[in-house]
Amino acid sequence: MLNIAWLTLRSRWAAFGGTFLALALGVALMSSLGLVLVATTSGPDRGPGRFAEAPVVVRAHQDLTVPADWGTTYNLPLEEPRGLDPALLPKAAAGGRAVVDRSFYAQVAGGPGSQVGHPWTSAAFGGYRLTAGTAPAADDQVVIPAGRAKPGDRVTVQTAQGQKQYTVSGTVGELPFEQPVFFTPAEAERISPRVDAVVVTGDAEAVRRAVGSAAEVLTGEERGEADPQYRADSAALVGVSTMLGMAAGVGGFVSVFVVGSTFAFSVTQRRRELALFRVSGATPQQVRRLVLAEAAGVGAVAGAAGALAGLAAGPWFARKLAAEGLAPEWFRVEIGAASIVVLLLVALLGVLLALVGAGAAVLRAGRIRPIEALREATVETRAMTWFRWLGGLAALAAGIGLIAVAPLLPPLYWASLATSVGPALILAFALLSPVVIPLLARLATLPVAWSRGAGALLVRANTVTSVRRTAATAAPVLITVGLVCSLWSTSDSLEGAKATEAGQRVNTADYVVAPDHAPGLTRDLLGKVSAIPGVQVAATTSTTVYTAPGADMFSGPGGEGAVVPYSAETVDPAALGTVLGLPGVEGDVRKLSDTTIAVDESWNRSVGEQVEVWLGDGTKTELTVVAVFKTSTSGNGAVLTPKHAGSNLPSAAYVKLRDGADPAAVRTALAAAVKGEAARAVPVSQWTAVGDTKRQEDARLALYVIGGIAVVYTGVAVANTLVMSTRRRSREFALLRLTGTTPRQLVAIVAGEALLVVAVGALLAAGVVAVSLTGLWGALQQLVAGAVVEVPTAPFLLTTGACAVVALGAVLVPAWLALRTPAVRLIGAAD
């Protein structure tokens with residue numbers, strides 16, 4: 001059978017072309033994604049930057065370590081880096097000369113918001129050298145990168161304290177890892193008293209013995225972990241790996257469908273050929289081995305070709321991610337031992353994918369009877385097998401069950417359920433499609449059902465009677481349109497819910513003062529805004545707290561589970577209920593104090609409970625729950641007083657006019673307050689409409705990547721199925737020509753059938769999207785009253801149109817080739 005399989009592949013390679021392309025594309029995708037994922041696991045490994053010339057770096061521990069059961073610990077990265085304990089400074093200096101370094105927000109007017117300030121005494125450790133002027137000698141002098149100003153110029157520098165004028169005493173060359181502003185040591189200490197690191201010129205082991213376990217001692221490549229952008233780069237790489245994991249899941253999900261439907265349709269097209277093998281004495285097991293051998297052969301060749309394509313696509317994809325801002329600008333794929341292993345594994349995955357995809361076709365091939373070789377007409381057998389019935393009904397029950405159970409579960413689990421409903425329903429509709437295809441085809445052709453033209457009736461009859469062919473072509477359309485539209489509508493609906501929720505929280509405010517190309521608002525600016533007559537101001541600061549959530553149906557007793565991070569906000573309690581509002585469930589948020597906390601429902605806590613909380617810098621405290629509010633779509637799971645904000649800058653200030661205040665005077669005063677600052681004052685209605693643009697752009701780009709993968713796969717599957725079926729219908733076309741059908745009419749019939757099949761797939765996808773959106777709407781109503789779901793009209797039309805274009809090309813080309821052969825010759829030709 002192996003020899004026969006090899007001869008079949010050699011002589012009929014065109015019949016396996018679509019399967020080969022689908023597998024090669026899948027392997028190329030998996031290998032390129034695998035190479036990029038391997039690159040993300042290595043972390044920010046561009047080498048030390050800020051401390052490249054520092055012998056030893058001592059800094060505080062950057063992780064929160066909490067004891068857990070069985071002698072283990074929970075380790076979580078702290079949102080706000082700790083400063084060194086002042087008591088450790090003499091111990092660190094015992095190993096040799098010690099130089100204190102501080103890192104803090106310092107933005108020259110017109111410069112990027114990522115600028116960072118340091119004392120000049122630590123500049124040399126980053127490789128900085130003066131290109132002009134001198135080092136800062138007075139507290140009103142700074143050194144900045146060359147090209148932004150020249151020695152003697154006056155510049156405005158904004159820090160957490162506010163704005164201040166400085167004289168540029170010198171300039172340094174630019175380096176890729178940061179945009180620095182250097183101050184005198186005394187001025188740096190005034191702006192940021194916290195010591196972030198100490199550079200020691202002594203022996204590393206002596207320093208380790210001196211500080212013990214109270215701090216981290218970094219040498220060699222570890223010094224790169226102390227770079228200002230290390231944590232941001234690490235977070236970006238986590239985001240890249242998450243997106244690529246989703247893309248790989250979509251690729252695997254779609255490729256199994258494509259390969260499975262292609263092999264199944266191939267077996268259907270070759271029933272008489274396989275029946276002849278049975279007539280010649282082949283057993284069902286031998287026929288199955290033949291189909292498996294063909295699948296393995298195609299998978300081996302496609303796996304090798306796809307791995308080679310991925311070798312070229314992986315580095316390009318990494319550069320594209322960096323160029324689009326989804327990954328750090330230095331991110332690249334380097335081919336090494338780990339990359340070679342990934343390519344080999346993915347090439348083997350191509351063979352496995354082919355075998356899995358051919359599984360149903362193998363079972364069907366073994367059931368072909370020898371008597372089928374005597375059939376002259378190609379009549380389809382029943383499309384629905386018991387396996388298809390069971391699988392389809394199980395997937396349908398799973399999808400409907402997820403929708404029904406979502407409102408009964410804690411909101412913490414809704415996001416995972418929302419992303420699982422779509423694939424479950426797509427699988428169900430794809431497996432059960434032969435049951436509804438005749439009905440959908442008749443509905444789609446109702447406008448032409450009463451026409452007198454024979455062409456329209458032939459289109460309808462061919463589609464209804466060729467259920468297996470229609471299902472094999474409509475399934476990829478269903479997968480692509482359904483998957484893209486489900487993901488798109490879920491993303492847009494959640495963004496819309498966040499905007500609605502934000503508007504409801506601040507609907508009593510009149511203006512919002514927000515940062516403009518800066519990480520936050522300065523204390524000086526908040527003072528000026530608060531001093532405006534006739535206004536009440538509520539400033540919020542974003543932070544993170546860590547705690548073990550209470551018990552729910554999936555976890556153990558409260559406080560004994562894993563410690564997890566929660567996004568939180570700090571706000572003046574006097575503003576709650578007046579300027580800002582929270583949808584309360586239990587308790588009174590206006591009773592918030594420095595010893596209490598308000599939490600959302602995902603904490604699984606009740607009013608009056610004492611909770612153990614670690615703040616953003618790792619400080620441990622116990623707070624009493626004073627209120628529970630509804631879970632937020634934006635993820636802000638707790639509210640505390642400004643005492644717990646740490647050194648984070650305020651993220652926004654909400655301004656409410658008091659009774660009797662002059663709106664025009666307040667508007668003028670706000671404009672004057674933000675003038676020259678890295679901030680803007682806008683009406684609250686405009687602020688809620690803007691939202692987080694960068695996050696929305698990243699989410700949309702990820703959808704483009706996932707949707708593009710699905711569309712390409714669909715193009716291969718649809719084209720392969722239609723090309724195979726159209727080539728097999730040459731004799732049918734010849735009979736139609738002999739009965740008087742003109743070439744133009746025949747082309748119109750073939751094109752109509754292709755468009756009708758795409759319409760059937762689109763209708764199935766519309767059903768998937770409708771059911772998914774219904775469940776999503778029900779879940780959102782539990783979170784945000786008045787939330788609406790976004791109907792993905794544009795993605796639906798675009799993806800359906802792309803499928804239609806591919807389908808037309810796949811049938812018109814082979815039909816045109818068939819028309820070039822005389823009809824009489826085709827009638828006498830064998831299948």
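Throughout this document, residue positions are counted from 1 along each chain, in the order its sequence is written. Note on the predicted model: pLDDT of at least 70 is required for a residue's local features to be given, and 80 or more for side-chain atom pairs to be given and counted; whole-chain, interface and lining totals, by contrast, use all residues. To get the side-chain values, all heavy atoms of the structure are used, and hydrogens and water are removed first.

1. Quick word on the overall build of the protein chain
What counts as a helix is a DSSP run of H or I of at least four residues, what counts as a strand is a run of E of at least two, and both are numbered from the N terminus. From N to C terminus, the protein chain includes 23 helices and 23 strands. The buried label applies to any residue whose accessible area, calculated with a 1.4 Å probe on protein chains only, is under 20% of its type's maximum; exposed applies above 50%, and partly exposed to all values in between. The buried share among the 831 residues of the protein chain stands at 50%. Contacts: residue pairs with any heavy atoms within 4.5 Å of one another. Here the contacts in the protein chain between residues at least 6 apart in sequence split such that 80% fall between residues at least 24 apart.

2. Remarks on the nonpolar core
Most often, soluble globular proteins keep nonpolar side chains buried together rather than apart. Of all hydrophobic cores here, the largest spans 46 residues; its most connected members are Leu 478 and Val 760. At the level of elements, α11 (386–405), α12 (414–444), α15 (467–505), α20 (730–738), α21 (743–783) and α22 (793–819) are the ones that each hand at least two residues to this core. In terms of residues, this core owes the most to one element, α21, which gives 14 residues. Aside from chain neighbours lying at most four places away, what touches Leu 478 is Ile 426, Phe 429, Ala 430, Leu 483, Gly 761, Leu 764, Ala 765 and Val 768. Membership of the second largest hydrophobic core comes to 24 residues, among which are Leu 33, Phe 317, Val 333 and Leu 343. What makes a nonpolar core is a set of buried Ala, Val, Leu, Ile, Met, Phe, Trp, Tyr and Cys residues whose side-chain atoms join them at distances within 4.5 Å.

3. Some details on the sheet that holds strand β12 (residues 197–200)
To summarise the sheet geometry, strands pair through backbone hydrogen bonds and adopt either a parallel or an antiparallel arrangement. At least two bridges found by DSSP between two strands is the condition for calling them paired. A sheet is described by the order of its strands in space; here four strands give the open sequence β4-β12-β1-β13, paired in antiparallel fashion. Two strands in the sheet have a free side with no partner beyond their single neighbour: β4 (98–101) and β13 (216–218). For this sheet, the mean angle separating the axes of adjacent strands, direction not counted, is 25 degrees. Of the pairings in the sheet, the one linking β4 to β12 comprises four bridges and is antiparallel in character. If you follow Val 100 over to β12, its bridge partner there is Val 198. Between N-to-C directions, angles span 0 to 180 degrees; the directions come from axes that are lines fitted to C-alpha atoms, helices contributing only their stretch in contact.

4. A look at the pattern of salt bridges
Each reported salt bridge corresponds to a side-chain nitrogen of Lys or Arg within 4 Å of a carboxyl oxygen of Asp or Glu. What the rule picks out here adds up to 16 salt bridges. Arg 50 is the salt-bridge partner of Glu 178, the closest N and O atoms lying 3.6 Å from each other. Of the two residues, Glu 178 is situated in the loop between β10 (162–172) and β11 (180–183) and Arg 50 in the loop between α2 (17–41) and β1 (56–59); the sequence distance between them amounts to 128 residues. A single burial state applies to Glu 178 and to Arg 50, both of which are buried. Look at the salt bridges and you will find they share partners, linking Arg 50, Asp 101 and Glu 178 into a network.

5. Considering the packing of aromatic side chains
Note on ring pairs: Phe, Tyr and Trp rings are taken, using the six-membered ring of Trp, and paired if centres are within 6.5 Å. Classes follow the plane angle, with under 30 degrees stacked, over 60 edge-to-face and the rest tilted. Under the counting rule described, the total for this entry stands at six aromatic pairs. Pairing Phe 104 with Phe 183 gives two aromatic rings, centres 5.6 Å apart and planes at 40 degrees, and the pair type is tilted. Here Phe 104 is found in strand β5 (residues 104–108), whereas its partner Phe 183 is found in strand β11, with 79 residues between them in sequence. If you follow Arg 50 out to its NZ or CZ, it ends over the ring of Phe 51, 5.4 Å from the centre. Either the NZ atom of lysine or the CZ atom of arginine qualifies as a charge over a ring when it sits within 6 Å of the ring centre and within 35 degrees of the ring normal.

6. Some words on a nonpolar patch on the surface
A surface patch of nonpolar side chains, amounting to about 470 Å² of accessible area, comprises Leu 308, Leu 311, Ile 335, Ile 340 and Leu 344. Contributing elements (two or more residues each) for the nonpolar patch: α8 (284–323) and α9 (337–357). Relative to the helices and strands, Leu 344 resides in helix α9. Exposure above 30% relative accessible area and the lack of any salt bridge qualify a residue for a patch; like charges then connect within 9 Å, and the nonpolar side chains Val, Leu, Ile, Met, Phe, Trp and Tyr within 5 Å. For the accessible areas, the method is Shrake-Rupley and the probe is 1.4 Å, while residue cover comes only from the protein chains on display.

7. Topic: the packing of helix α16 (residues 523–530) against helix α17 (residues 663–674)
Relative orientation of the contacting elements α16 and α17 amounts to 165 degrees, with a least axis distance of 9 Å. With respect to their mutual orientation, α16 and α17 come out roughly antiparallel. Regarding α16 and α17, the two cross each other, and that crossing is right-handed. Facing Leu 525, Lys 528 and Val 529 of α16, the residues of α17 in contact are Leu 670, Ala 673 and Val 674. Following the grouping adopted for this structure description, the nonpolar residues are Ala, Val, Leu, Ile, Met, Phe, Trp, Tyr, Cys and Pro, the charged ones are Asp, Glu, Lys and Arg, and the polar ones are all others, Gly among them. Looking at the contact of α16 with α17 residue by residue, the class counts come to five nonpolar, no polar and one charged. Should an angle fall under 35 degrees it is taken as roughly parallel, and over 145 as roughly antiparallel, whereas 65 to 115 is taken as roughly perpendicular and any remaining angle as oblique. Two helices cross in a left-handed way if the nearer one is turned anticlockwise from the farther one by less than a right angle. They cross in a right-handed way if the turn is clockwise.

8. Observations concerning unusual backbone geometry
The backbone of His 517 shows a phi angle near 60 degrees, a positive value even though the residue is not glycine. Mapping His 517 onto the fold places it in the loop between β14 (511–515) and α16.

9. Quick word on α16
Every buried residue of α16 is listed here: Leu 525, Leu 526 and Val 529. Viewed along the axis of α16, the buried residues span an arc of 100 degrees, placing them on a single side of the element. Looking at the buried side of α16, the elements it contacts are β14, β15 (535–547), β22 (652–657), α17 and β23 (679–683). Note that the arc is computed from the directions linking the helix axis to the C-beta atoms.

10. As for the side chain of Glu 80
Structurally, Glu 80 is set in the loop between β3 (73–77) and α3 (88–93). Here Glu 80 falls in the buried class, since its relative accessible area comes to 7%. With near-sequence residues (within four places) excluded, Glu 80 lies in contact with Arg 194, Gly 616, Asp 617, Ala 645, Gly 646, Ser 647 and Asn 648.

11. Examining the pairing of β1
Neither face of β1 is exposed, since Val 56 and Val 58 on one face and Val 57 and Arg 59 on the opposite face are all buried. Summarising the sheet, β1 and β12 pair through three bridges and their orientation is antiparallel. Counted as the bridge partner of Val 57 is Val 199 from β12. Here β1 pairs with β13 via three bridges, running antiparallel.

12. Brief notes about the side chain of Ser 32
Mapping Ser 32 onto the fold places it in helix α2. Looking at Ser 32, the relative accessible area reads 7%, which means it is buried. For this analysis, a polar contact is any N or O atom pair within 3.5 Å, provided that within protein one partner can donate a hydrogen and the other can accept it, and provided that sequence-adjacent residues contribute only side-chain to side-chain pairs. At 2.9 Å, the side chain of Ser 32 forms a polar contact with the backbone oxygen of Ala 28. Leave out the neighbours within four places in its chain, and Ser 32 touches Gly 310, Ala 313 and Gly 314.

13. Thoughts on α11
With 20 residues, α11 ought to run about 28 Å at 1.5 Å a step, and its terminal C-alpha atoms sit 28 Å apart, in line with that. Of all the residues in α11, the buried ones are Arg 388, Gly 392, Ala 395, Gly 399 and Ile 403. Looking straight down α11, one finds its buried side chains confined to an arc of 75 degrees; they lie on one side. Those residues of α11 that are exposed and aimed more than 90 degrees away from the buried face are Trp 386, Phe 387, Leu 390, Ala 397 and Ala 404. Multiplying 1.5 Å by the helix residue count minus one yields the expected span of that helix.

14. Remarks on the confidence of the model for the protein chain
The pLDDT averaged across the protein chain works out to 78; a share of 77% of its residues lies at or above 70. Here pLDDT means the predictor's own confidence in every residue, given as a number from 0 to 100. Note that residues 376–380 has pLDDT below 50 and, in this model, seven contacts with residues that lie over four places away or in other chains.

15. Regarding the environment of Leu 348
Structurally, the position occupied by Leu 348 is in helix α9. Classification of Leu 348 by relative accessible area gives exposed; the value is 59%. Taking C-alpha positions, Leu 348 is 8.5 Å from Ala 304, a pair spaced 44 residues apart along the chain.

16. Describing the state of the cysteines
Throughout, disulfides are identified as pairs of cysteine sulfur atoms within 2.5 Å of each other. Tallying each qualifying case throughout the model produces zero disulfides. Between Cys 485, a cysteine without a disulfide, and Cys 803, which holds the nearest cysteine sulfur, the sulfur-to-sulfur distance is 10.0 Å. Residue classification places Cys 803 among the buried residues on the basis of a relative accessible area of 5%.

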